[in-house]
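If you want the building blocks of each chain, they are given just below.
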Amino acid sequence: MITAIVLIKTSVDRIPEIAESIAALDSVSEVFSVTGTYDLIAMVRVAKHDDLADVIPGRISKIPGVEGTDTHVAFRTYSQHDLEAAFAIGLDA
């Protein structure tokens, strides 16, 4: 699984609608409304590297109101949630 963090600039008067449109896409797991240079951050998860082109420039960038994206591909994922789940394997609740 390949994870990309997509920083998104949008029309500021349409942030909630744009966020909902992005969140409805199949490969998007979360969308965050944030402060700073960008308006939204989307987490995109795909099976193959080539699939990123279908999702980011192919779908996200074509949503009306999306003005630009900056994509970062994750090398590795470190998650406290994943560590806790691994240690809980085999334990009775």
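The protein chain goes by Lrp/AsnC ligand binding domain-containing protein in an unreviewed UniProt entry, where it is assigned to Streptomyces enissocaesilis.

So, about a negative patch on the surface. Together, Asp13, Glu17, Glu20 and Glu67 make up a negatively charged patch on the protein surface. Owing to a relative accessible area of 63%, Asp13 belongs among the exposed residues under this scheme.

Backbone-to-backbone hydrogen bonds pair the strands of a sheet. The strands run either parallel or antiparallel. Read across the sheet, four strands follow the order β2-β3-β1-β4 without closing on themselves; strand pairing throughout is antiparallel. Whereas interior strands pair on both sides, the edge strands pair on one side only; in this sheet they are β2 (28-33) and β4 (66-73). In this sheet, adjacent strand axes meet at a mean angle of 20° when their direction is disregarded. Sheet analysis places strand β1 (residues 2-10) next to strand β3 (residues 40-46), joined by seven bridges and oriented antiparallel. Residue pairing in the sheet places Val6 in a bridge with Ala42 of β3.

Once that is clear, we can look at the nonpolar core. Soluble globular proteins tend to pack their nonpolar side chains together in the buried interior. Counting 20 residues, the largest nonpolar core has Ile8, Ile22, Val44 and Ile60 as its most contacted members. Of all the secondary-structure elements, those providing two or more residues to this core are β1, α1 (15-23), β3 and α2 (51-55). Setting aside residues up to four positions removed in sequence, Ile22 forms contacts with Ile8, Val28, Val31, Leu40, Ala42, Ile60, Ile63 and Val66.

Tracing the backbone through its elements, the reader meets Glu20 in helix α1. As for Glu20 and Val31, which are separated by 11 residues in sequence, their C-alpha atoms are 8.1 Å apart.

Let us now look at the environment of Pro57. Within the secondary structure layout, Pro57 lies in the loop between α2 and β4. Residue Pro57 is classed as partly exposed on the basis of its relative accessible area of 45%. Distance in space between the C-alpha atoms of Pro57 and Gly68 is 9.6 Å, their sequence separation being 11 residues. Among residues more than four places away in sequence, those in contact with Pro57 are Leu52 and Lys62.

Moving on: the side chain of Thr3. Turning to its location among the elements, Thr3 is positioned in strand β1. Setting aside its immediate chain neighbours within four residues, Thr3 contacts Met43, Val44, Arg45, His72, Val73 and Ala74.

Among the residues of α1, those classed as buried are Ile15, Ile18, Ala19 and Ile22. Looking down the long axis of α1, one finds its buried residues gathered within 100° of arc, a one-sided arrangement. Exposed positions of α1 whose direction lies more than 90 degrees from the buried face are Pro16 and Glu20. Looking at the buried side of α1, the elements it contacts are β1, β2, β3 and β4.

So, how was this worked out
Residues numbered from 1 in each chain as written. Predicted model: local features only at pLDDT ≥ 70, side-chain atom pairs only at ≥ 80, totals over all residues. Heavy atoms only, no water. Patch = residues over 30% accessible without salt bridge, like charges linked within 9 Å, V, L, I, M, F, W, Y side chains within 5 Å. Areas by Shrake-Rupley, 256 points an atom, 1.4 Å probe, with all protein chains shown as cover. Salt bridge = Lys/Arg side-chain N within 4 Å of Asp/Glu carboxyl O. Lys, Arg positive; Asp, Glu negative; His and termini not counted. Charge placed at Lys NZ, Arg CZ, Asp CG, Glu CD. Buried < 20%, exposed > 50% of the residue type's maximum accessible area, 1.4 Å probe, protein only. Pairing = 2+ DSSP bridges. Helix = DSSP H or I, 4+ residues; strand = E, 2+ residues; numbered from the N terminus. Axes fitted to C-alpha atoms, helices over the stretch in contact; angles between N-to-C directions. Core = buried A, V, L, I, M, F, W, Y, C linked by side-chain atoms within 4.5 Å. Contact = heavy atoms within 4.5 Å. Arc of directions from axis to C-beta.

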